[in-house]
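Examining the three-dimensional arrangement
In case you want the letters, here they are:
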Amino acid sequence: MLRIGCHLSSSKGYLAMAKEAVKIGADTFQFFTRNPRGGKAKELDLADIRAYLEFAGEHGIAQILAHAPYTLNACSADGGLRQFAYETMCDDLGRLSHIPGSMYNFHPGSHVKQGVKVGISYIADMLNRINQHGFSTTILLETMAGKGSEIGRSFEELRAIIDNVEDSRRIGICLDTCHVFDGGYDIVGDLDGVLDEFESIIGVERLRAVHINDSKNPLGSHKDRHEKIGEGQIGLDAFMHIVTHPRLRHLPFYLETPNDLAGYQREIELLKSLAFRQ
Ligand code: FE
Ligand code: FE
Ligand code: ZN
């Protein structure tokens with residue numbers, strides 16, 4: 001059974017998101033922990049969380065994915081901005097400890113002119129500092145498109161970050177299909193080859209979630225423009241192979257396509273039918 005959901009607005013709280021998810025046929029969802037551009041998170045609403053946990057239990061929502069604000073840059077040249085990324089993530093992870101089994105995804109960051117090596121060491125440093133708090137939530141590094149000086153385009157860069165984390169038991173990877181395709185990994189022509197490469201460089205047991213998006217641009221464009229499922233350069237046939245692949249099909253899938261709720265509902269139905277057909 002395909003586990004699938006989409007990105008939802010968190011402005012009305014957890015219970016509201018879970019109800020929305022169930023309404024569109026999803027059994028999981030992703031959300032921003034706060035305004036995606038950063039800023040303060042809302043007051044933690046424990047009554048909402050209790051109601052959410054009860055509703056989620058009744059409706060088979062077992063695991064959800066929180067997404068850090070994408071403006072955080074754990075490898076900024078500015079020490080103040082690195083500290084801000086660290087503090088924001090600690091605050092988010094503290095909140096998420098109220099939601100057992102949740103995962104937390106973030107963009108590794110952009111090194112700007114410092115170089116990949118310096119960037120990787122800053123990101124690993126931050127994760128090491130975060131680990132000292134003993135948070136229970138699994139942290140996912142997202143595979144990136146390689147726009148500008150983004151770190152995390154290549155599996156080697158992600159591996160290097162993990163290698164520099166002292167205790168990496170709670171570090172995983174979220175594979176974004178638009179980003180890896182945009183980053184130059186041919187998941188259309190050679191999905192098995194890409195996953196073999198992932199296995200040999202990172203190890204497939206690190207893979208914990210998939211962002212399932214089509215791409216407006218061709219292989220290796222480094223542009224990061226998501227498209228609706230089947231309407232971009234990845235295409236339906238490739239998505240059928242992705243949702244049924246023995247190395248992927250057990251993972252939770254999250255749509256981040258340009259859609260309203262009705263559009264997400266259609267894509268969830270479509271992907272479920274593709275998964276079922278195999
Ligand atoms: Fe993301
Ligand atoms: Fe993504
Ligand atoms: Zn993206």
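The preceding data block contains the structure.
First, a word on scope: everything that follows refers to the structure included in this document. Keep in mind that what you see is a predicted model, and the values were worked out from it rather than measured.

**As for the overall build of the protein chain**
Regarding its fold elements, the protein chain presents nine helices and 12 strands. For the protein chain, whose C-alpha radius of gyration is 18 Å, the value lies close to the compact-globule estimate of 19 Å for 278 residues. Projected onto its principal axes, the C-alpha positions of the protein chain cover 50 × 50 × 30 Å. Looking at the protein chain as a whole, 54% of its 278 residues qualify as buried. By sequence separation, contacts in the protein chain at least 24 residues apart represent 76% of the contacts at least 6 residues apart. The centroid of the 30 positive side-chain charges in the protein chain is displaced by 4 Å from the centroid of its 37 negative side-chain charges.

**Comments concerning the coordination of the iron ion (ligand 1)**
Coordination of the iron ion (ligand 1) by the protein is provided by His67 (NE2), His107 (NE2) and Glu142 (OE), with metal-donor distances spanning 2.1 to 2.2 Å. Separating the iron ion (ligand 1) from the iron ion (ligand 2) is a gap of 3.3 Å, bridged by glutamate 142, which donates to each. A residue pair is termed long-range when its members are at least 10 positions apart, and histidine 67 in strand E3 (residues 65–67) and histidine 107 in the loop between strand E4 (103–106) and strand E5 (109–110) qualify at 40 residues.

**Topic: the coordination of the zinc ion (ligand 3)**
Distances from the zinc ion (ligand 3) to its protein donors, namely His179 (NE2), Asp224 (OD) and His226 (NE2), fall within the range 2.0 to 2.3 Å. Along the chain, the residues that donate to the zinc ion (ligand 3) are spaced as H-x44-D-x1-H. Separating the zinc ion (ligand 3) and the iron ion (ligand 1) is a distance of 5.4 Å. Judged by its relative accessible area of 17%, aspartate 224 is buried.

**Observations regarding the sheet that holds strand E8 (residues 171–176)**
Across a sheet, paired strands are connected by hydrogen bonds in the backbone, their directions being either parallel or antiparallel. Pairing in this closed barrel of eight strands is parallel, and the strands run E1-E2-E3-E4-E6-E8-E9-E12 around the ring. Adjacent strand axes in the sheet meet at a mean angle of 30°, parallel and antiparallel pairs treated alike. Pairing of E4 with strand E6 (residues 138–142) involves four bridges; the strand directions are parallel. Residue pairing for E6: asparagine 105 is matched across the bridge by leucine 140.

**Thoughts on the nonpolar core**
Counting 79 residues, the largest nonpolar core has Phe29, Leu127, Leu141, Ile212 and Leu271 as its most contacted members. Residues contacting phenylalanine 29, with those up to four places away along its chain left out, are Cys6, Leu8, Tyr14, Met17, Ala18, Ala21, Tyr52, Ile61, Ile64, Leu65 and Tyr254. The next biggest cluster of nonpolar side chains, apart from the first, holds six residues, and it includes Leu65, Leu140, Ala209 and Tyr254.

**A closer look at the environment of glycine 189**
Looking at the element boundaries, glycine 189 is found in the loop between helix H6 (177–182) and helix H7 (191–201). Along the primary structure glycine 189 and alanine 238 are separated by 49 residues, whereas in three dimensions their C-alpha atoms are 8.2 Å apart.

**Here's the deal with the packing of helix H4 (residues 116–131) against helix H5 (residues 155–163)**
With their axes 8 Å apart at the nearest point, H4 and H5 run at an angle of 45° to one another. The orientation of H4 relative to H5 falls into the category oblique. In this structure, the crossing between H4 and H5 has a hand that is right-handed. Together, Val116, Ile120, Ile123, Ala124 and Leu127 of H4 and Glu157, Ala160 and Ile161 of H5 make up the contact between the two elements. Of the residues belonging to the contact of H4 with H5, the class tally is seven nonpolar, no polar and one charged.

**Some remarks on the pattern of salt bridges**
Across all of its chains, the model carries seven salt bridges by this definition. With its nearest N and O atoms 2.6 Å apart, the salt bridge here joins arginine 34 to aspartate 92. A residue pair is termed long-range when its members are at least 10 positions apart, and arginine 34 in the loop between strand E2 (28–32) and helix H2 (46–58) and aspartate 92 in helix H3 (residues 79–96) qualify at 58 residues. Judged by relative accessible area, which is 10%, arginine 34 ranks as buried. With relative accessibility at 0%, the residue aspartate 92 sits in the buried group.

Quick notes on the rules
Residues numbered from 1 in each chain as written. Chains lettered and ligands numbered in written order. Predicted model: local features only at pLDDT ≥ 70, side-chain atom pairs only at ≥ 80, totals over all residues. Heavy atoms only, no water. Helix = DSSP H or I, 4+ residues; strand = E, 2+ residues; numbered from the N terminus. Rg over C-alpha atoms; globule rule 2.2 N^0.38 Å. Buried < 20%, exposed > 50% of the residue type's maximum accessible area, 1.4 Å probe, protein only. Contact = heavy atoms within 4.5 Å. Lys, Arg positive; Asp, Glu negative; His and termini not counted. Charge placed at Lys NZ, Arg CZ, Asp CG, Glu CD. Donors = N, O, S within 2.8 Å, 3.2 Å for Na, K, Ca; no water. Pairing = 2+ DSSP bridges. Axes fitted to C-alpha atoms, helices over the stretch in contact; angles between N-to-C directions. Core = buried A, V, L, I, M, F, W, Y, C linked by side-chain atoms within 4.5 Å. Parallel < 35°, antiparallel > 145°, perpendicular 65-115°, else oblique. Left-handed = near helix turned anticlockwise from the far one by under 90°. Nonpolar A, V, L, I, M, F, W, Y, C, P; charged D, E, K, R; others polar. Salt bridge = Lys/Arg side-chain N within 4 Å of Asp/Glu carboxyl O.

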